[in-house]
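# Working through the structure, step by step
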Amino acid sequence: LQLNYFQILREIHDELQNQFGHGKVADYIPALRRVDPRKFGIALCTLDGEVIHIGDALEPFSIQSISKVFTLSMAFAKHGDSIWRRVGKEPSGNAFNSLVQLEHERGIPRNPFINAGALAITDILVSDQENPKQFFLDFMRKVSLNPSIQYDAEVAASEQEHGYRNAALVNFMKSHGNIQNAVDLVLDNYFHHCALSMSCVDLARAMLYFANHGILPVNGERLLTVSRAKRLNSIMMTCGFYDQAGEFAFRVGLPGKSGVGGGIVAIIPGKLGICVWSPELNPKGNSVLGMKTLELFTTRTGISIF
Ligand code: GLN
């Protein structure tokens, strides 16, 4: 039986679109504060090439921590298991920008999807490349099939200006020998990763290789081995939503990743990539309507990984 994804998504979008006002747009990065809280888009891309989108799904937004999935994928593809000497793979149960855990764990972040972990991964990418910002941008253009995506310089500058906590995390890791490059260089790259602007359609498409055992569907290029793609999906499942990873697994049942720009990406292995954007966040930093949309999606389609 062929599921009618469009109809299901349209129903969910219609149903939820008046439920704004239950969260708060991220305001600790001033440039994000200006986003219209009522933006709401959903996009779904299947491995068969179907692209379905509703609402504001073509409008670029700040991907923020969704970038952490792709930076991890790039570092894992190049360095394999040696990255686990620099970063753990256990759920944190703490806020994404927590300092306290890092001290207990002597500068080895709990996982690659909290800020400290992504900063350590960024340090690895910076060591690898002459022009790491361009390298990341080129990679994201390739996986999204959209050569026109760009960094939002204003968001990057705003993060830089208010990035005291991220600076503290990098400095602390550096004091433990877990950062090789200059602190400012690592931060500049990290802020740019977060400040990339992409639409729901771009992101749903970019997630497809995680649903396809590491192979880019459009040209068959292998970006991750089968085993590493599985492992990356496992980390999304256990760590993709900070201290709400359990709640997301419970309600939605898919590997995914959120960002404070209000985006959430998720995949169904062997089938599809999906992205929802709604900027109002719950206190844990996850999009309120994004989580609700995906919960209804797996409930109504009856498909999840379980
Ligand atoms: N750029 C944000 C930060 O570093 C990303 C956080 C997020 O999306 N959770 O705080």
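We now turn to the structure provided with this report.

### Re the packing of aromatic side chains
Summed over the entire model, instances satisfying the criterion amount to eleven aromatic pairs. With 5.0 Å between their ring centres and 45 degrees between their planes, F96 and Y242 make a pair best called tilted. Within this pair, whereas F96 is found in the loop between helix 2 (67–79) and helix 3 (100–104), its partner Y242 is found in the loop between helix 11 (226–239) and helix 12 (245–251), the two being separated by 146 residues in sequence. An identical accessibility class is assigned to F96 and Y242; each is buried. Ring centres of F241 and F248 lie 3.6 Å apart, and the angle between their planes is 15 degrees; this geometry places the pair in the stacked category. Exposure class is identical for F241 and F248. Each is buried. By the ring-pair criterion, three or more aromatic residues cluster together here, those being F70, F139, Y209 and F210.

### Remarks on the sheet that holds strand 8 (residues 272–277)
As summarised here, the arrangement of the five strands in space is 2-1-8-7-6, forming an open sheet in which the pairing is antiparallel. The open sheet has two edge strands with one neighbour each: strand 2 (51–55) and strand 6 (256–258). The average undirected angle you get between the axes of adjacent strands in this sheet is 10 degrees.

### Brief notes about helix 6 (residues 153–161)
For helix 6, the full list of buried residues reads V155, A156, S158 and E159. All buried residues of helix 6 lie within an arc of 165 degrees about the axis, which places them on one face of the element. Set apart from the buried face of helix 6 by more than 90 degrees, the exposed residues are A153 and E161. In the core, the buried residues of helix 6 are packed alongside strand 3 (61–62) and helix 8 (183–194).

### Examining unusual backbone geometry
In the Ramachandran plot, Q64 falls in the positive-phi region, its phi being about 50 degrees despite a non-glycine side chain. Relative to the elements of secondary structure, Q64 occurs in the loop between strand 3 and helix 2. By relative accessible area, Q64 is classed as buried at 2%.

About the cut-offs
- Residues numbered from 1 in each chain as written.
- Predicted model: local features only at pLDDT ≥ 70, side-chain atom pairs only at ≥ 80, totals over all residues.
- Heavy atoms only, no water.
- Phe/Tyr/Trp six-rings, centres within 6.5 Å; stacked < 30°, edge-to-face > 60°.
- Helix = DSSP H or I, 4+ residues; strand = E, 2+ residues; numbered from the N terminus.
- Buried < 20%, exposed > 50% of the residue type's maximum accessible area, 1.4 Å probe, protein only.
- Pairing = 2+ DSSP bridges.
- Axes fitted to C-alpha atoms, helices over the stretch in contact; angles between N-to-C directions.
- Arc of directions from axis to C-beta.
- Contact = heavy atoms within 4.5 Å.

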